[in-house]
Amino acid sequence: MPWRDRSGRFSPFKATVFLALFLPALWIAYGYLSGTIGALRLMESLRDIGNWGLRLLLISLAVTPLRKSLQWPQLIQVRRMIGVAAFAYIATHFLLYVIDQSFDIGKVASEILLRIYLTIGFVALLGLSALAATSTDAMLRRLGGRRWQRLHRIVYGIALLGIIHFFMQTKADVTEPTVMAGLFGWLMGYRLLVWLRSDGARPSPLAVAGLSIAAAVATGAGEALYFWLKTGVDPLRVLALDFSLQLGLRPVWWVLLIGLAVALAAVIRSIGAAGRRDARRRKLGVEAPSA
Amino acid sequence: MHVRVRRGWEIPEREATPEEVFLRRRRLIAGLAAAPALLAGARLLTRPAFADAVEDPSAGLYPATQNPKYLLDRPLTAEADATSWNNFYEFGSSKDVVEEAQALPIRPWMVKIDGLVEQEIEIGIDDLLKQMPLEERLYRHRCVEAWSMAVPWSGFPLASLVAFARPTGDARYLKMTTFMNPEVAPGQQVIWYPWPYVEGLTMAEATNELAFIATGFYGKPIPKQNGAPLRLVVPWKYGFKSIKSIVQFSFVAERPVGFWEALQESEYGFWANVNPEVPHPRWSQATERQLTTDERVPTLLFNGYADYVADLYKGLENERLYA
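Structural notes on unusual backbone geometry
Residues and elements named next belong to chain B.
- A cis amide bond links Tyr-62 to the next residue, Pro-63, at an omega of 0°.
- Take Pro-63: it is sitting in the loop between α3 (51-54) and α4 (79-82).
- Between Trp-195 and the following residue, Pro-196, the backbone shows a cis peptide bond with an omega angle of -10°.
- Within the fold, Pro-196 resides in the loop between β5 (173-178) and β6 (198-202).
- Despite not being glycine, Tyr-218 has its phi angle at roughly 55°, a positive value.
- Locating Tyr-218 in the fold gives a position in the loop between β7 (212-217) and β8 (220-221).
- You can call Tyr-218 buried: its relative accessible area is 0%.
- The residue Thr-292 is not glycine, and still its phi comes out positive at about 70°.
- You can see Thr-292 is positioned in the loop between β11 (287-290) and β12 (296-298).

Structure below.
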């Protein structure tokens, strides 16, 4: 049961996350039923549920970085749950597409073959299905930890395909997929930082801050390059717009602020952890090393 | 033998709905729907006073008399849907731009007519409205994104405006331009869009009887999000051709490059005639989802207006007519 921990006890943390994973779907369902989602309810729901599926997939990829940097080992308990939820959202996204095509399976199949962004999305869904199917404890045991992990590493590729699919289906305003691409870069960069360390330990908050700046710069530069190639607009003018804030928070800032928030949380957490260590030592009658 | 090909609006007398039945049916439908002013016929009977329309100096011009030539093969879209599901990138890229669009000042509104004309004209919208023959038409509207509506526009034939403008013989295209005001239209601050919005028609298209300038919608002045105070309606083309909130009509010799064409030529061309057989690069155009009924229905060639416009494209088969 998703609300029990390994020892079978009720876990308020797991239960809370489990319930929270339903909230976006409930919100979309409410919008659909009340009509507030927009005049074409099915089209809007289809888009929103896919969008949330991709967000959940990125959140599942954020579990490891947060677990390490925030020294929060319990977070691993909810990773699988988030991944399975991402699959459920994206499978529903596909189901709504089939409904939108009036259950004309021939049309659905031909569209998937003809439109490259649908091909990409469908491949991502197939990959995600394989991960969902092997997400049970029984399957994990059957595959063995190492093989299971190797298989589940394809989630990086799946997330990338999902973001490309999102980019390609967007008509003109690529703000959201750009933010996602920047955050995906950050998540992969974090893993690179871990891999670069010989001890495989968590990167320092300073390194995380550096990564966040790098990911934000790459986001801004990539965006400017994209618009330059697509429309010929001067990349410097696009970059200048990032600083004017007249269009609200641009993707650069989203990526930077989210990244820096993790670095800051890591610092706070380290201070807290050091304080707790000292307190424990004092309790045990051991002198703090600095004293 | 003389074969008479019947055009779209020509139906035998026996098939015509008697006016009384027509009105009764409309009253019934309108009664079922929440909004009492949903349909043109019902509106004529009830004439509700709309507080928001009172301030508009043109409010008294509507509802205009319905032209019985332009009727529909499908139920009318609910007004609430047609006025809340809008592509108006000047005010944002989502469909929900109702609130943002209210910032647009629509009085005074000067319209400039220039280019290859006998004499340039600059005229205020209310003076222009006095010179134009207003009527109401029911048209289908098909968006390139594969959704559609069926709505009552009020306004005047574009041909009347062309006659008013008196273009010279050199004019080959009519180029239309939307207002440019990034202060009130935040979308126009997005510098990688080729603002202001521009669209164009050939002179033959512009003077086709279907080409229409809408100034009213559902028997009232047209709401801002739908393109107040005047917009183009070319129902046989994808919706993006029907440019909103026009400030300038220029008669030109060169084919104008439209907003979407400039942005993504491979997906949004100059002609953009509706054709279910020719897919958009990213999706099929064979069917469309209707607002209000929320049903998916087959898309029709020229959006069902082939009788009126197919002749315009004879000899242009080498052009990319349907994208």
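After presenting the structure, the write-up continues.
Digging into a nonpolar patch on the surface
- Residues Leu245(A), Leu249(A), Trp254(A), Leu257(A) and Ile258(A) make up a contiguous nonpolar surface patch of roughly 450 Å² in combined accessible area.
- Relative to the assigned elements, Leu257(A) resides in helix α13 (residues 251-283).

Some points on the packing of helix α3 (residues 41-69) of chain A against helix α4 (residues 79-100) of chain A
All names here are of chain A.
- Running from N to C, α3 and α4 point in directions that differ by 160°, and their axes come no closer than 8 Å. Viewed along their axes, α3 and α4 adopt a mutual orientation that is roughly antiparallel. The element α3 and its partner α4 pack so that their crossing is left-handed.
- The residue makeup of the contact of α3 with α4, split by class, is 17 nonpolar, eight polar and two charged.

Focus on the pairing of β7(B)
Residues and elements named next belong to chain B.
- In terms of residue burial, β7 counts as a mostly covered element, since six of its six residues are buried.
- Relative to β7, strand β4 (residues 147-157) is paired through five bridges, and the arrangement is antiparallel. From the neighbouring strand, Trp-153 faces β7, where its bridge partner is Phe-217.
- Sheet topology places β7 next to strand β9 (residues 231-233); three bridges connect them, and they run antiparallel. Residue pairing in the sheet places Ile-213 in a bridge with Leu-232 of β9.
- Across two bridges, β7 lies against β8 in antiparallel orientation. Bridged to Phe-217 within β8 is Lys-220.
- The turn joining β7 and β8, which pair antiparallel and follow one another in sequence, is formed by two residues; a positive phi near 55° is taken by Tyr-218.

Considering the side chain of Lys224(B)
Residues and elements named next belong to chain B.
- By secondary structure assignment, the location of Lys-224 is in the loop between β8 and β9.
- Here Gln-102 takes part through its backbone oxygen, which lies 3.1 Å from a polar atom of the side chain of Lys-224.
- Sequence-distant contacts of Lys-224, defined by excluding residues within four places in its chain, comprise Phe-88, Ala-101, Gln-102, Leu-104 and Ile-106.

Basis of the calculations
Residues numbered from 1 in each chain as written. Chains lettered and ligands numbered in written order. Predicted model: local features only at pLDDT ≥ 70, side-chain atom pairs only at ≥ 80, totals over all residues. Heavy atoms only, no water. Helix = DSSP H or I, 4+ residues; strand = E, 2+ residues; numbered from the N terminus. Buried < 20%, exposed > 50% of the residue type's maximum accessible area, 1.4 Å probe, protein only. Patch = residues over 30% accessible without salt bridge, like charges linked within 9 Å, V, L, I, M, F, W, Y side chains within 5 Å. Areas by Shrake-Rupley, 256 points an atom, 1.4 Å probe, with all protein chains shown as cover. Salt bridge = Lys/Arg side-chain N within 4 Å of Asp/Glu carboxyl O. Axes fitted to C-alpha atoms, helices over the stretch in contact; angles between N-to-C directions. Parallel < 35°, antiparallel > 145°, perpendicular 65-115°, else oblique. Left-handed = near helix turned anticlockwise from the far one by under 90°. Nonpolar A, V, L, I, M, F, W, Y, C, P; charged D, E, K, R; others polar. Pairing = 2+ DSSP bridges. Polar contact = N/O pair within 3.5 Å; in protein donor to acceptor, adjacent residues only side chain to side chain. Contact = heavy atoms within 4.5 Å.

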